[in-house]
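Residues per chain, in single letters:
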Amino acid sequence: MAVDLSYPAVKTLTFVDILTQRAIQQPEQIAYTFLHFGKEADTSVTYGELDRQARTIAIQLQHLGYEGKVALLLYPSGLEYIAAFLGCLYAGTIAVPVYPPHTARLLPRIQSIIKDAQTDLVLTTAETQANISHKFMHIPELRQLHWITTDMLPSVGERRWQRPELAGDQLAFLQYTSGSTSMPKGVMVSHGNLFHNSETLKTQWGLSEKDQGVSWLPMFHDLGLILGILQPLYTGYHTVLMAPTAFLQHPLRWLQALSAYKATITAAPNFAYELCLHKTSPADRAKLDLSHWQLAINGAEPVRSETLKQFSATFASCGFQSNTFRPSYGLAEATLLVTSAPRHAAHLVKHINKTLLEQHIAMNLSPDDQHAQAMVGCGKTVLGQYVIAVHPETCTRCLSEEIGEIWITGESVAKGYFGKEEETENTFHAHLVDTDEGSFLRTGDLGFVRNGEVFITGRLKDLILIKGRNHYPQDLEYTVEQSSPIIRPGCTIAFSVDLAQEERLVIVAEIRLPQSGLAPSEVTQRIDEAVKAIRRNIAATHEIAVYQIKLVDVGAVPKTSSGKLQRRACRATFLAGELKEWNR
């Protein structure tokens, strides 16, 4: 049932309008289902129930005077988080989604966000508050907060809720960046940004109420929040959700949910598709029906051509088709999506000279050329967006064969970084020097634009320069991961260190060996073989020598809360001599 979006009482349409209308027109329709995998019964929520929960939370926030103020959301993955986020929108409160700390390693990020967002209020569940109090309430930043446990709020009369007056340029929430290259910064996402990006997603991929979603992505991060939660609400299709840990522990669960619910759309970084290749058996795949799957969004990290090929071939017997893959590009500073191909379109792969790539030149080669490197296109710009590649030093536009920094302008580009005027000006208001065209968002991502198609090659700040040649760490890391089966996919970091006025390459990689069944001599042999293979393959593929290889335990490679590699943090740990090597 299509929802009428021409709401007469307000000038700007928001997600408050969408949910209130769905609650009136489709009150009994299930909006979301959360899978618990046997720990407890799976739970669902209808549009009517979600509206009532959001109003209850909003009434409490309005009573406390938090309209226009900032509130921290500390929730595990679950339906309570969705109600709290929408409750903030219903109150006109600026939500700050953050995953609750379960280890001390996550505390610095949360302390930084509390200080940066200047908030004294946190919404959470009673169980989460009890867990945090038990472990971390000695932390001053947490102790001084006012806590509201939204699952314990009593139901109140719905008429007490006052619909906030929301304009398109008002802040909806702060999306804190992953912090993979710097301290987390609060991206100011407006109601207008959200609405434009949601319409963009719907139009670009031809989404409708007939679709069915599945998502295990972190709900506090842009991809999981906007595509996994808000987009289904905007479009009106049912989505099945699960915790990221449920997928990481058993990747088959994701595919089983896609099969059981006849899902048409899901999204994940490239490593997730790799995990499904390594962690499923022919017997597992024989029970899957993936023929309904039409949109496999691949983004948030480099998209590998080989992954797309292997996944398509491996799961073809399950009904998966290669044109289901939708390599896409986006970032929090642009709300979410920037480029992607339409539904059912074949993804584009270019083969370029990997030697010239080091000189920031993207020259085409035939696929069978020994110097060819496959680059996956992330689609063309979508509704209301404009993308160019720019020389980062001179701020002049690149030619089609030149690699530069990706710059973006459009209605989905956020308002800036919260409380950081100088960084906002430098990042969100760039202009081309020769034409004064602008303003543009500087993404920090490197890539090239060919006939409108955007290709991402790496991050500007992560480039490794050795003997006058540029090397993308993602390429080095991929070579390492292909060198030995004991190296965990997505858990390798490459960086350089200055030694005697010369840059040297260091590799840090997580390994996993059987807990039993291997004699000490076999363990030593496998590790030695992995180290030799890494050195051999890096030398053969990239023509550089590895200075040091550090093989470490599972979980030792630093990552952001959204799973992105923290290369700078790993380098700092290595230089401080605090990197602990693998120990059985």
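That block above? That's the structure.
How each quantity is defined
- Residues numbered from 1 in each chain as written.
- Predicted model: local features only at pLDDT ≥ 70, side-chain atom pairs only at ≥ 80, totals over all residues.
- Heavy atoms only, no water.
- Pairing = 2+ DSSP bridges.
- Helix = DSSP H or I, 4+ residues; strand = E, 2+ residues; numbered from the N terminus.
- Axes fitted to C-alpha atoms, helices over the stretch in contact; angles between N-to-C directions.
- Contact = heavy atoms within 4.5 Å.
- Phe/Tyr/Trp six-rings, centres within 6.5 Å; stacked < 30°, edge-to-face > 60°.
- Buried < 20%, exposed > 50% of the residue type's maximum accessible area, 1.4 Å probe, protein only.
- Lys NZ or Arg CZ within 6 Å of the ring centre and 35° of its normal.
- Right-handed = clockwise from strand over helix to strand, strands pointing away.

A. Molecular detail of the sheet that holds strand E26 (residues 502-511). Pairing within the open sheet is mixed, and its 3 strands lie in the order E25-E26-E27. Bordering the open sheet on either side are strand E25 (487-499) and strand E27 (546-552), each of which pairs with just one other strand. Pairwise comparison of adjacent strand axes, ignoring direction, gives a mean angle of 20 degrees for this sheet. As judged from the 9 bridges shared by E25 and E26, these two strands associate in the antiparallel manner. Bridging across to E26, alanine 494 finds its partner in isoleucine 507. The strands touched by helix H16 (residues 473-481) are E25 and E26; relative to E25, the strand with the most contacts, the crossing angle is about 125 degrees.

B. Region of interest: the packing of aromatic side chains. Enumeration over the complete set of coordinates arrives at 26 aromatic pairs. For the pair phenylalanine 85 and phenylalanine 173, a centre-to-centre distance of 5.4 Å together with 75 degrees between the ring planes defines the contact as edge-to-face. Here the residue phenylalanine 85 occupies a position in helix H3 (residues 79-91), and phenylalanine 173 occupies one in strand E7 (residues 171-176), the gap between them amounting to 88 residues. Pair check on accessibility: phenylalanine 85 and phenylalanine 173 agree, each one buried. With 6.1 Å between their ring centres and 75 degrees between their planes, tryptophan 254 and tryptophan 293 make a pair best called edge-to-face. One end of the pair, tryptophan 254, is in helix H10 (residues 252-260); the other, tryptophan 293, is in the loop between helix H12 (282-285) and strand E12 (295-298), with 39 residues separating them in the sequence. On the basis of relative accessible area, tryptophan 293 is assigned to the buried category, the value being 4%. Here a set of aromatic residues connected by ring pairs shows up, and it is made of Trp216, Phe247, Trp254, Phe271, Tyr273, Trp293, Phe311, Phe315, Phe320 and Phe325. In this structure, arginine 22 packs its charged tip against the face of tyrosine 47, placed 5.8 Å from the ring centre. Positioned over the ring face of tyrosine 66 is lysine 69, at 5.4 Å from the centre of the ring.

C. The arrangement of unusual backbone geometry in detail. Put simply, glycine 438 and serine 439 share a cis peptide bond, and its omega is 5 degrees. Note that serine 439 resides in strand E21 (residues 438-450). The phi torsion at cysteine 395 lies on the positive side, around 60 degrees, for a residue other than glycine. Topologically, cysteine 395 is positioned in the loop between strand E18 (385-390) and strand E19 (404-410). Residue classification places cysteine 395 among the buried residues on the basis of a relative accessible area of 14%. At glutamate 543, a residue that is not glycine, the phi angle is positive and equals roughly 60 degrees. In this fold, glutamate 543 is placed in the loop between helix H17 (520-542) and E27.

D. Quick look at the pairing of strand E13 (residues 325-330). Of all 6 residues in E13, 5 are buried; the element is thus mostly enclosed. Where E12 meets E13, 3 bridges bridge the pair, whose relative direction is parallel. Within E13, the residue paired with asparagine 298 across the bridge is proline 327. The handedness of the E12 to E13 crossover, carried by helix H13 (residues 305-314), is right-handed. Pairing of E13 with strand E14 (residues 337-340), which is carried by 3 bridges, proceeds in the antiparallel orientation. Within the sheet, the bridge partner assigned to glycine 330 lies in E14 and is leucine 337. Connecting E13 to the next strand, E14, in antiparallel fashion are 6 residues, including threonine 335 with a positive phi near 70 degrees.

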